[in-house]
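Remarks on the overall topology
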Amino acid sequence: MRFDLSVYLVTDATLCQPYGLERTVEDAVAGGVTMVQLRDKHASETTMIEQAKRLNAILKPKNVPLIINDRLNVALASGAEGLHVGQSDTTVREARDALGPNAIIGLSINTLEQLNSMPLEGLDYVGLGPVFATTSKQDHATPLGFDGLATLVEVSAVPSVAIGGLKAQHIDAVKRSGAHGIAVISAICGQASPQNAAKELAMRWRQREVMR
Ligand code: TZP
Ligand code: MG
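The name given to the chain in an unreviewed UniProt entry is Thiamine-phosphate synthase, and the organism recorded there is Halomonas llamarensis. Under the Function (unreviewed entry) heading, UniProt states for the chain: "Condenses 4-methyl-5-(beta-hydroxyethyl)thiazole monophosphate (THZ-P) and 2-methyl-4-amino-5-hydroxymethyl pyrimidine pyrophosphate (HMP-PP) to form thiamine monophosphate (TMP)." Its UniProt record, at the heading Pathway (unreviewed entry), says of the chain: "Cofactor biosynthesis; thiamine diphosphate biosynthesis; thiamine phosphate from 4-amino-2-methyl-5-diphosphomethylpyrimidine and 4-methyl-5-(2-phosphoethyl)-thiazole: step 1/1."

Structure, rendered in structure tokens:
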């Protein structure tokens with residue numbers, strides 16, 4: 001696989017405030033984060049393009065892909081590695097056509113119905129969630145729990161990353177579900193040490209890898 005979903009940081013401007021976006025991302029990558037998604041529902045396109053360019057400068061030398069949430073124009077203008085879309089955003093096909101064959105394209109999935117009707121062509125991975133209720137996403141869908149997650153992982157024809165209320169202590173259960181990774185906001189952003197938080201997630205994920 002050209003990307004590693006195992007410890008996937010999703011950013012949030014408010015939750016990343018204590019250290020700022022760039023420092024948080026830098027520290028999280030030093031701790032072992034394998035993918036970063038720039039997610040901001042409120043920032044202007046211009047602001048987000050500037051942020052994405054700065055994050056790209058941090059991430060490219062580390063070979064950690066930067067994925068942009070929702071905004072195709074930001075992905076195009078910033079040279080980011082890919083785009084993550086929701087059910088009512090830019091379609092996977094539009095994203096693939098615009099970003100080309102090497103881009104990493106992800107799609108959020110909450111139900112079996114969405115999974116069964118998703119376009120497989122051009123899709124690289126799915127984000128499955130929320131596993132638990134979370135305050136980090138407004139108006140999120142009904143939580144899946146680990147059983148619901150496992151069902152979706154089993155059906156998915158593409159690699160999957162679990163999201164929503166997940167912490168280091170959930171890694172064993174996420175791995176048992178068969179998902180390829182854990183995506184988090186608050187388990188890294190807003191922690192006293194984003195680097196140590198990321199390190200713990202990465203360490204636990206790798207530990208389980210050896211034990212399997
Ligand atoms: N999509 C589903 S849940 C969620 C997103 C973006 C928020 C995850 O944040 P946290 O703090 O890891 O629960
Ligand atoms: Mg969206």
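1. Digging into the nonpolar core
Grouped together as the largest cluster of nonpolar side chains are 64 residues, with contacts concentrated most on Val36, Leu128, Ala162 and Ile182. Not counting residues within four places of it along the chain, the set of residues in contact with Leu128 comprises Ile109, Leu144, Leu149, Leu152, Val153, Ser160, Ala162, Ile163 and Ala179.

2. Remarks on the sheet that holds strand E3 (residues 66–69)
With parallel pairing, the 8 strands of this closed barrel are ordered in space as E1-E2-E3-E4-E5-E6-E7-E8. Averaged over all adjacent pairs, the angle separating strand axes in this sheet is 25 degrees, with direction ignored. Bridge analysis of E3 against strand E4 (residues 82–85) gives 3 bridges, and the strand direction is parallel. Bridging from a neighbouring strand, Ile68 pairs with Leu83 of E4. Contacts from helix H2 (residues 45–59) reach strand E2 (35–38) and E3 within the one sheet, and its direction differs from that of E2 by about 170 degrees. Those strands touched by helix H4 (residues 92–99) are E4 and strand E5 (104–109), and its axis lies near 170 degrees from that of E4.

3. Some words on helix H6 (residues 145–155)
Residues of H6 that are buried include every one of Leu149, Leu152 and Val153, and no others. Along the long axis of H6, the arc covered by the buried residues comes to 100 degrees, so they all point the same way. In H6, the exposed positions that point more than 90 degrees away from the buried face belong to Asp147, Glu154 and Val155.

4. Digging into the UniProt feature "domain: Thiamine phosphate synthase/TenI" (unreviewed entry) in the chain
Feature annotation in UniProt places "domain: Thiamine phosphate synthase/TenI" (unreviewed entry) on residues 7–188, given in this structure's numbering. Taken end to end, residues 7–188 has its terminal C-alpha atoms 10 Å apart, with 35% of it in helix and 19% in strand.

5. Comments concerning H4
Listed in full, the buried residues belonging to H4 are Val92, Ala95 and Leu99. For H4, the angular spread of the buried residues around the axis is 65 degrees, confining them to a single face. Where the residues of H4 are buried, they touch helix H3 (72–78), E4 and E5. In the stretch just after H4, Gly100 is the one whose phi turns positive, near 90 degrees.

6. Concerning the site of ligand 1
Taken together, 15 residues lie around ligand 1, and Thr134, Ser136, Gly164, Ile185 and Ser186 are the ones closest in. Residues belonging to the shell around ligand 1 are distributed by class as follows: 7 nonpolar, 7 polar and 1 charged.

7. Things to note about the UniProt feature "binding site: 4-amino-2-methyl-5-(diphosphooxymethyl)pyrimidine" (unreviewed entry) in the chain
Under the feature "binding site: 4-amino-2-methyl-5-(diphosphooxymethyl)pyrimidine" (unreviewed entry), the UniProt entry names Gln37, Leu38, Arg39, Asp40, Lys41, Asn69, Ser108 and Lys137. Arg39 has contacts with Val10, Thr11, Asp12 and Asn69, leaving out every residue within four places of it along the chain. Secondary-structure assignment places Lys137 in the loop between strand E6 (125–128) and H6.

8. A short note on the environment of Gly145
As for its placement among the helices and strands, Gly145 is situated in helix H6. With 13 C-beta atoms counted inside 10 Å, the residue Gly145 sits in the partly exposed group. Sequence separation of Gly145 and Gly129 is 16 residues, and the distance between their C-alpha atoms is 8.6 Å.

Cut-off values and rules
Per chain, residue numbering runs from 1 following the sequence as it is written. Written order determines the labels here, with chains lettered from A and ligands numbered from 1. Residues qualify for local features only when their pLDDT is at least 70, as the model is predicted, and side-chain atom pairs are given and counted only at 80 or more; totals for whole chains, interfaces and linings, by contrast, use all residues. UniProt positions are given in the numbering used here, feature names are shortened, and annotations may be inferred rather than shown by experiment. Nonpolar cores are built from buried Ala, Val, Leu, Ile, Met, Phe, Trp, Tyr and Cys residues. These are joined into a set through C-beta atoms within 7 Å. With C-beta atoms placed from the backbone, a residue is buried if 20 or more other C-beta atoms are within 10 Å of its own, exposed if 12 or fewer are, and partly exposed between those counts. Contacts are defined on C-beta atoms placed from the backbone: any two residues whose C-beta positions lie within 7 Å are in contact. DSSP bridges decide pairing: two strands pair if at least two such bridges lie between them. Labels follow the DSSP assignment, with helices taken as runs of H or I lasting at least four residues and strands as runs of E lasting at least two, numbered in each case from the N terminus. In this description, a line fitted to the C-alpha atoms serves as the axis of each element, helices being fitted only across the stretch in contact, and the angle between N-to-C directions of two axes falls anywhere from 0 to 180 degrees. The arc refers to the directions leading from the helix axis to the C-beta atoms. The rule is simple: place the C-beta atom from the backbone, and if it lies within 6 Å of a molecule or strand, the residue is near it. Amino acids outside the nonpolar list (Ala, Val, Leu, Ile, Met, Phe, Trp, Tyr, Cys, Pro) and the charged list (Asp, Glu, Lys, Arg) are all regarded as polar, and Gly is one of them.

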